Every structure is written in C-alpha cells, then in structure tokens.
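This is what each chain is made of:
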Amino acid sequence: MPIIGQAAAQAPEKDQTQLFTAYPGNVTDWLWEKTRAKEFLHMASEEVTVTVRLIRSFEHRNFRPVVYHGVSVEQTVREFIEFLKQDIPLRPSLPPPFRNYKYDKLKIIHQAHKSKTNELVLGLEDDDRLLLKEESTLKAAGIASETEIAFFCEEDYRNYKTNPILSW
C-alpha cells in the first residue's frame, strides 16, 4: 500500500479513495496545495527566534543573553515586555541579580544579515530608530528572525548615555 500523505496513511484502506475524489487534479497536486495552505497559515501567524540581552549594568558590562523561540511578531511591544517581566523571574538559569532587576525598555542591538556595532553592551546611537515604542507591534518595530534585543532599565541607560564611563 503506498502512503500518500499523513491523512491517507491514517485512513482505513477503503476510505483512501474517497480522500481524493473531490479534488479535480491528481494526488500530487492535492498534496502540493495542502502543503502550500499550511505554509500560508504559518506565515500568517509569523513566529521568530529572538535573543534578549538582559543588561544589569552598563558600567560593568554585566549582561546575560536569553533566547526565545516562537515569538509572535503580531503582539505589541508592551505585551512582549509584560511577558518578559513574568518569564525572567521564573528562569532558574539566571542568577538572582538578573531575575530581580527592574527592566522596562527594549532596544534593537542587531538584526540578522546587518552590520553590528562596536559597543560591547549596547550602542548609544540611533535611539529614535532602535528604541522600541510600546504601542507598535514587534513586526512594525523591525523585529524579524534572529534579531537581538536589549532589555534594560531606562533610567540606567540615560545615566550611562550622559556619562559613558566603564568601571573596569
């Protein structure tokens, strides 16, 4: 018995012929259309992999990356921040200073296939373009697959930006 798709393999032998009788083309065309429909639905609810860099201290270059898979780019930045605030304290792999910190702002560090900055923690330029506005969606803010984002305290960032001195 040839296996034609997962649905045909799971159907009893007498019902396999009924699976394809309603489709005017051949079996290969039917499977191709079914696959394309699944791809379209997957693209409609696009999910990406994002690396979030938790910045505890700019002066001491103290940060930890956390990778998130399956992040929906249709959610707003505010919803993603709330998700991060709920998720970070529950991660046992992070030390307590990172889990209990007051993060409140997101900024794009790097996007896939684009140039990187020379700053080791976070670049201080292009705030108007790279700081994420809470009312926009992640997709509108420029988040795509393999984007690296910084999550930090906005007050610490402003203090460091006015006086960018490293402690070591």
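Residues numbered from 1 in each chain as written. Predicted model: local features only at pLDDT ≥ 70, side-chain atom pairs only at ≥ 80, totals over all residues. Heavy atoms only, no water.

Explain the packing of aromatic side chains to me, and be specific about the residues and the numbers.
Tallied over the entire structure, the rule returns 9 aromatic pairs. Pairing Tyr68 with Phe83 gives two aromatic rings, centres 5.6 Å apart and planes at 70°, and the pair type is edge-to-face. Here Tyr68, found in strand 2 (residues 62–72), pairs with Phe83, found in helix 4 (residues 77–87); they are 15 residues apart in sequence, far enough to count as distant. A relative accessible area of 5% places Tyr68 in the buried class. By relative accessible area, which is 37% here, Phe83 ends up partly exposed. Pairing Tyr103 with Phe151 gives two aromatic rings, centres 5.2 Å apart and planes at 20°, and the pair type is stacked. Taken as a pair, Tyr103 in the loop between helix 5 (96–99) and strand 3 (105–110) and Phe151 in strand 4 (residues 147–152) lie far apart in primary sequence, 48 residues in all. We note that Tyr103, like Phe151, is buried. Pairwise contacts between aromatic rings join Phe58, Phe152, Tyr157 and Tyr160 into one cluster. The ring of Phe63 carries the charged tip of Arg53 above its face, separated from the ring centre by 4.5 Å. (Phe/Tyr/Trp six-rings, centres within 6.5 Å; stacked < 30°, edge-to-face > 60°. Helix = DSSP H or I, 4+ residues; strand = E, 2+ residues; numbered from the N terminus. Buried < 20%, exposed > 50% of the residue type's maximum accessible area, 1.4 Å probe, protein only. Lys NZ or Arg CZ within 6 Å of the ring centre and 35° of its normal.)

Quick one: what's the story with the sheet that holds strand 2, residue by residue and with numbers?
The 4 strands are arranged 2-1-4-3 in an open sheet whose pairing can be described as mixed. Unpaired on one side and paired on the other, strand 2 and strand 3 mark the two borders of the sheet. When strand polarity is set aside, the average angle formed by the axes of neighbouring strands in this sheet is 30°. As defined by bridge partners, strand 3 adjoins strand 4 across 5 bridges and the pair is classed as antiparallel. Following the sheet pairing, Lys105 is matched in strand 4 by Phe152. (Pairing = 2+ DSSP bridges. Axes fitted to C-alpha atoms, helices over the stretch in contact; angles between N-to-C directions.)

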